[in-house]
Every structure is written in structure tokens, then in C-alpha cells.
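Per-entry structural report
What follows is the residue order along each chain.
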Amino acid sequence: MGLFDRISRVVRANLNDVVSKAEDPEKILEQSIIDMQEDLVQLRQAVAQAIATQKRTQQQYNQAQSEVNNWQSRAQLALQKGDENLAREALVRKKTHADTAGALKQTLDLQTTQVDQLKRNLIALESKISEAKTKKDMLKARVAAAKAQEQLQNTVGRMGTGTAMAAFERMEEKVLQMEARAQAAGELAGNDLESQFALLESGSDVDDELMAMKANLLAGASPNQAALPSASQSSAPPSNTPNKTSTQVDKDLEELRRQMDQL
């Protein structure tokens, strides 16, 4: 029994799961309204049938009551005429119709109660159907909103983990890298320009210094008026000893040229 119970529970659970997944709220609401309307039609037919039966019973009761009154009058007439046997027979007929009228009266009272109850049920069902239709429209709107929200959340979820967002992030990273390279290139170009101007400025200083040195050398190579020899000295024979100052100047000039060639 335990095994069969477990199998039965598994089967019922699977069936319930299938049914739950197959249930569409909008379709279920529509079908519920249709079922209620079908019940309403059947209830209206039952009420109409009960009212018709009630009216038929009412007619039978009125007819039986009329017969009671009729045989009562006939009994009185026969008695007045002195025919007691006929009067007794009329009273017997009266009693038969009176019994029938009594039974019909009980049936009529029961039918009246049933018809009243059916009418109340009919009104209640009509009210429930009207309320159900209003709720159905509200629930359908809520279902549509829930589906739209679910679809939106699924779309956002796919965007958060999908390739589109990853590609966007990669492109953003590439743009940042390109901007960084452009900025670095601009800085390097600016530094190179600064270095070129610095070189030019330093070259100007060297040239100025070189010109100053040349001027100093030329000024040092020209003899001063005070150092010029006198007439008596100029007539003296030249000495074999070279001029020490001129020789030193030539050496300095040669050394300077050699240093300049090495630059």
C-alpha cells in the first residue's frame, strides 16, 4: 500500500504541475464567466418553471375552493327544498373539494417559498456575475501589466549578462585607450618641441660664446701701440728667437679649432 500511495501522489503531483502550467489566467477568467452565465440561464429556466407550476397550483386551488363554495350553496338549496339526502350528497362533494383545496393550499405555500428562494438566488447570481465581470477586467489588466513587467525584467536581465552590453563595455574601454594614446602623443610632441627650442637656445649661447672668444683672440693677436718697437730697435737685425706671445696665440687657436672639429 505504501508503494501505491507514493506512486499515486507522484502522479497527482505531476498532473497538478501540468495543469498549473497550462492555466492561462485570462482564459480561466473568461471560462469562469461563461460557466456562471450558463448557471444563470439554468437558474432562470428553473425559476420560470417554478413560477409556472405555482400559477398552475394556484389555479387548481382556486378551482377547488370555488367547488367547495358551489357545493355549499347546493347543500343549502337542497335543505331548503326539504331534500335532506340531496343536501347530504352535496355536503359530501363539498368535503371532497375542501380536502383537495387544503392539499393544494399546502403545495401552493411550499411552491411560493421555493419560488421566492429561487428568485433571491437568481438576483444574487446576477449580482455575482456583474461583480465577476468587473473583477475580470481588473484582473486582465493586472495580468497584462504583470506580463509586461516580467518581459521587461527578462529583457533587462539579458542585457546585463548578454553580449550586447559586453560589447558596449569593450568599445568604451577602447575609446578610453584611444583617448589616452592621443593625450600621450600630444604630450610627447610638446616635449619634443620644447627640446628643439632648448637646443636652438643652447646653440645660440655657444655661437655667442664662440664669437666672443674669436674677438678676444683677435684682440690679443694685435700688438699694442705701447709695445711697438722704436726706430732704433726696428733697425736692429731680427733675432732668431720667435715671438713668445704670437706662438702661444697660435697654439691656443689651433687647440680651439681641434675642439670645434670634434663637436
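It should be noted that the structure appears before, not after, this text.
Below is a summary of the structure that appears in this document. (Residues numbered from 1 in each chain as written. Predicted model: local features only at pLDDT ≥ 70, side-chain atom pairs only at ≥ 80, totals over all residues. Heavy atoms only, no water.)

**Overview of the overall build of the protein chain**
Summing up its helical and strand segments, the protein chain has six helices and zero strands in all. Written out in order from the N terminus, the α and β elements of the protein chain read α-α-α-α-α-α. Within the span of the protein chain, comprising 263 residues, buried residues form 11% of the whole. A separation of at least 24 residues holds for 84% of the contacts in the protein chain among residues at least 6 apart in sequence. Surface exposure of the protein chain reaches about 21,200 Å², of which carbon and sulfur atoms provide 56%. (Helix = DSSP H or I, 4+ residues; strand = E, 2+ residues; numbered from the N terminus. Buried < 20%, exposed > 50% of the residue type's maximum accessible area, 1.4 Å probe, protein only. Contact = heavy atoms within 4.5 Å. Areas by Shrake-Rupley, 256 points an atom, 1.4 Å probe, with all protein chains shown as cover.)

**Regarding helix α2 (residues 25-80)**
Between its terminal C-alpha atoms α2 stretches 82 Å, which fits the 82 Å expected from 56 residues at 1.5 Å a residue. Just beyond α2, the residue with positive phi is Gly82, at close to 85°. (Expected span 1.5 Å × (residues − 1).)

**Concerning the side chain of Thr57**
Mapped onto the elements of the fold, Thr57 is located in helix α2. Classification of Thr57 as buried rests on a relative accessible area of 6%.

**Overview of the packing of aromatic side chains**
What the rule picks out here adds up to zero aromatic pairs. Taking the ring centre of Trp71 as reference, the NZ or CZ of Arg74 above it sits at 4.6 Å. (Phe/Tyr/Trp six-rings, centres within 6.5 Å; stacked < 30°, edge-to-face > 60°. Lys NZ or Arg CZ within 6 Å of the ring centre and 35° of its normal.)

**A few points about the pattern of salt bridges**
Scanning the entire structure with this criterion turns up six salt bridges. Lys136 is the salt-bridge partner of Glu30, the closest N and O atoms lying 3.5 Å from each other. One end of the pair, Glu30, is in helix α2; the other, Lys136, is in helix α3 (residues 84-161), with 106 residues separating them in the sequence. We classify Glu30 as partly exposed; its relative accessible area is 30%. Take Lys136: its relative accessible area is 13%, and that puts it in the buried class. (Salt bridge = Lys/Arg side-chain N within 4 Å of Asp/Glu carboxyl O.)

Function-wise, these values are silent; they only describe arrangement.
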